[in-house]
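Fold and geometry: a report
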Amino acid sequence: MKENDGPRRAIEHGFPHLATVRASITALFRRMSADGIRAHAPSFSPADAAFDASEDLHLGAQRLASAMVRALRLPEARMVVAFRPMDEAATVELTAGPEYFVEVNDRFRTHRRDLAAALSHEVAHVLLHRLELAFPDPAENEILTDTAAAYLGAGWLLLDAYREDALTHQRLGYLTPEEFGYVLAKRAALFDEDPSPWFTSPQAYEAYVRGSALAARDLRRAPLAAAGPAARRRYARARRCGLAPRDGSAYRFEPAGSGPALRVSFPCPVCEQRVRVPVGGRLRARCGLCRSVLDCDT
Ligand SMILES: [Zn+2]
Ligand SMILES: [Zn+2]
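In this text the structure is predicted, and so the values were computed from the model without any measurement.

1. As for the overall build of the protein chain
- What the protein chain contains, in helices and strands, is nine helices and ten strands.
- In terms of C-alpha radius of gyration, the protein chain reaches 21 Å, essentially the compact-globule figure of 19 Å for 298 residues.
- Taken along its principal axes, the extent of the C-alpha atoms in the protein chain is 70 × 45 × 30 Å.
- Of all 298 residues assigned to the protein chain, the portion counted as buried reaches 52%.
- Residue pairs at least 24 apart in sequence account for 60% of intrachain contacts in the protein chain once pairs closer than 6 positions are excluded.

2. Things to note about the coordination of the zinc ion (ligand 1)
- In this structure, H121 (NE2), H125 (NE2) and E142 (OE) serve as the protein donors to the zinc ion (ligand 1), at separations of 2.1 Å.
- One chain supplies every donor to the zinc ion (ligand 1), and in sequence these donors are spaced H-x3-H-x16-E. With H125 in helix 4 (residues 115-131) and E142 in helix 5 (residues 138-151), this pair connects stretches of sequence that are 17 residues apart. In terms of burial, H125 and E142 fall into one category: buried.

3. Digging into the pairing of strand 7 (residues 262-267)
- Sheet analysis places strand 6 (residues 252-255) next to strand 7, joined by four bridges and oriented antiparallel. Counterpart to E254 in the pairing with strand 7 is R263.
- Pairing of strand 7 with strand 8 (residues 274-278) involves five bridges; the strand directions are antiparallel. Looking across to strand 8, one finds that F266 is bridged to V275.

4. Brief notes about the nonpolar core
- Counting 100 residues, the largest nonpolar core has F29, F44, M79, V104, L115 and L159 as its most contacted members.
- Among the elements that make up this core, the one with the highest residue count is helix 4 (eleven residues).
- In contact with M79, other than residues within four places in its own chain, are Q62, A65, V69, L74, Y100, V102, V123 and V126.

5. What to know about the sheet that holds strand 8
- The antiparallel open sheet is built from three strands, whose spatial order is 6-7-8. For this open sheet the edge positions go to strand 6 and strand 8, each flanked by a neighbour on one side alone. Averaged over all neighbouring strand pairs, the angle between strand axes comes to 30°, with direction disregarded.

6. Looking at the packing of aromatic side chains
- Enumeration over the complete set of coordinates arrives at eight aromatic pairs.
- Ring centres 5.9 Å apart and planes at 65° place the aromatic pair F29 and Y151 in the edge-to-face group. One end of the pair, F29, is in helix 1 (residues 18-38); the other, Y151, is in helix 5, and 122 residues separate them in sequence.
- Judged by centre distance (6.5 Å) and plane angle (80°), the ring pair of W156 and F199 falls under edge-to-face. Here W156, found in helix 6 (residues 156-160), pairs with F199, found in the loop between helix 7 (177-191) and helix 8 (202-218); they are 43 residues apart in sequence, far enough to count as distant. One exposure class covers both W156 and F199, and it is buried.
- Clustering of aromatic rings is evident, with ring pairs tying together W156, W198, F199 and Y208.
- In this structure, R107 packs its charged tip against the face of F108, placed 4.7 Å from the ring centre.

7. Let's talk about the coordination of the zinc ion (ligand 2)
- Taken together, the protein ligands of the zinc ion (ligand 2) are C268 (SG), C271 (SG), C287 (SG) and C290 (SG), with distances of 2.3 Å.
- Note that the zinc ion (ligand 2) binds four donor atoms; their angles at the metal cover 101 to 114°, and the shape is tetrahedral.
- The sequence pattern formed by the donor residues of the zinc ion (ligand 2) is C-x2-C-x15-C-x2-C. Taken as a pair, C287 and C290 share a single burial class, namely buried.

8. Describing the layout of surface pockets
- Considered as a void within the structure, the largest pocket measures approximately 360 Å³ in volume.
- In this structure, the largest pocket is lined by 20 residues; those nearest its centre are A189, L219, P269, V270 and L294.
- When contributions to the lining of the largest pocket are tallied by element, the ones reaching two or more residues are helix 7, helix 8 and strand 10 (293-297).
- The biggest single contributor to the lining of the largest pocket is helix 7, with five residues.
- Looking at side-chain class alone, the lining of the largest pocket contains 16 nonpolar, two polar and two charged residues.

Rules behind the numbers
Along every chain, residues carry numbers that run from 1 in the direction the sequence is written. Lettering of chains starts at A and numbering of ligands starts at 1, both following the order in which they are written. The predicted origin of the model limits local features to residues at a pLDDT of at least 70 and limits the giving and counting of side-chain atom pairs to 80 or more, whereas totals for whole chains, interfaces and linings rest on all residues. Excluded from the side-chain calculations are hydrogens and water; all other atoms, namely the structure's heavy atoms, are used. Helix and strand labels come from DSSP, where a helix needs a run of H or I of at least four residues and a strand needs a run of E of at least two; each type is numbered from the N terminus. It is over C-alpha atoms that the radius of gyration is taken, and the globule rule equals 2.2 Å times the number of residues to the power 0.38. Relative accessibility thresholds used throughout: buried, under 20% of the residue-type maximum; exposed, over 50%; partly exposed, between the two (1.4 Å probe, protein chains only). Should any heavy atoms of two residues lie within 4.5 Å, those residues are counted as being in contact. Here a donor is an N, O or S atom found within 2.8 Å of the metal, or within 3.2 Å if the metal is Na, K or Ca; sites may look incomplete because water is not among the atoms. Strand pairing requires that DSSP identify at least two bridges connecting the strands. Here the nonpolar core consists of buried residues drawn from Ala, Val, Leu, Ile, Met, Phe, Trp, Tyr and Cys, with membership extended through side-chain atoms lying within 4.5 Å. Axis definition: a line fitted to C-alpha atoms, over the contacting stretch in the case of helices. Angles run 0 to 180 degrees between N-to-C directions. Put simply, two rings from Phe, Tyr or Trp (the six-membered ring, in Trp's case) pair if the centres are within 6.5 Å, and we call them stacked under 30 degrees between planes, edge-to-face over 60, tilted for the rest. A ring has a charge above it when a Lys NZ or an Arg CZ is no more than 6 Å from the ring centre and no more than 35 degrees off the ring normal. Under the classification used here, a metal with four donors is tetrahedral if each angle lies between 85 and 135 degrees, square planar if opposite donors are over 155 degrees apart and the others between 65 and 115, a six-donor metal meeting that same test is octahedral, and anything else is irregular. We place a 1 Å grid over just the protein atoms. Points where a 1.4 Å probe fits but has no way out form a cavity, open points with protein on both sides within 12 Å along at least 5 of 7 lines form a pocket, and any residue with an atom within 4 Å of a point lines it. Grid points are joined across faces, edges and corners, and a volume is the space filled by probe spheres set on the points. Gly is placed with the polar residues, together with every amino acid not listed as nonpolar (Ala, Val, Leu, Ile, Met, Phe, Trp, Tyr, Cys and Pro) or charged (Asp, Glu, Lys and Arg).

Okay, structure coming up:
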């Protein structure tokens, strides 16, 4: 896993990888099933992530790695953590297991507070490797790995490692801070948990708030019943014409077999898989993938 984009380069913000992040959440649901995802509660505990100078370096690193393996529900996997000088934050050798060799940057010997974050990304690599879930493009695969770590309860640490002050200028991983916030907010909604008290970095918390705002907008997209009046009006106009909306909304009207009946398809606000329902008023739809019940007004 890489560290900062470069010591003097500005940290990237916003949602440049949003499409891949959403595709990653869908891919996780497809590969792990709704029950498999829901088994990943609770999140990695802030107490388990604590690692201070009084603890033995190697025993402490092993303790963190074992806690991460448990948090990501990897039965029988054992991480062997070694410190060495390297450009990256950490790397892992993806083998058949059950033993996996993780190398972490020497700076974590003293900069211990973010070792759990670095391990969360590497252990997520092992999880995806065991699930045989990968995106063909290596850059997208790193997005999938960060998304998996965050969605499955360990990657809030990666966002918390994002710090900017007079002395530090750091981020870990491949998602922007806002994208981590978005994935964490999606997880928070699914698991009914609130990660906001866990953040030690004020910048991380602010990014979580910005990501949460986008996640909340997903729940107000037409034809969901919670859509706002302007979105509803645009939806009604598009429905009358049977056209694709021109405002970037993701719903699409399609003929339902023979006859004049219409169906509408739209991305599920939880897992982003497309849901298809008849057009014609208030209804509740169950997403076939994540099994969320969606209140719609089609
Ligand atoms: Zn990686
Ligand atoms: Zn869904």
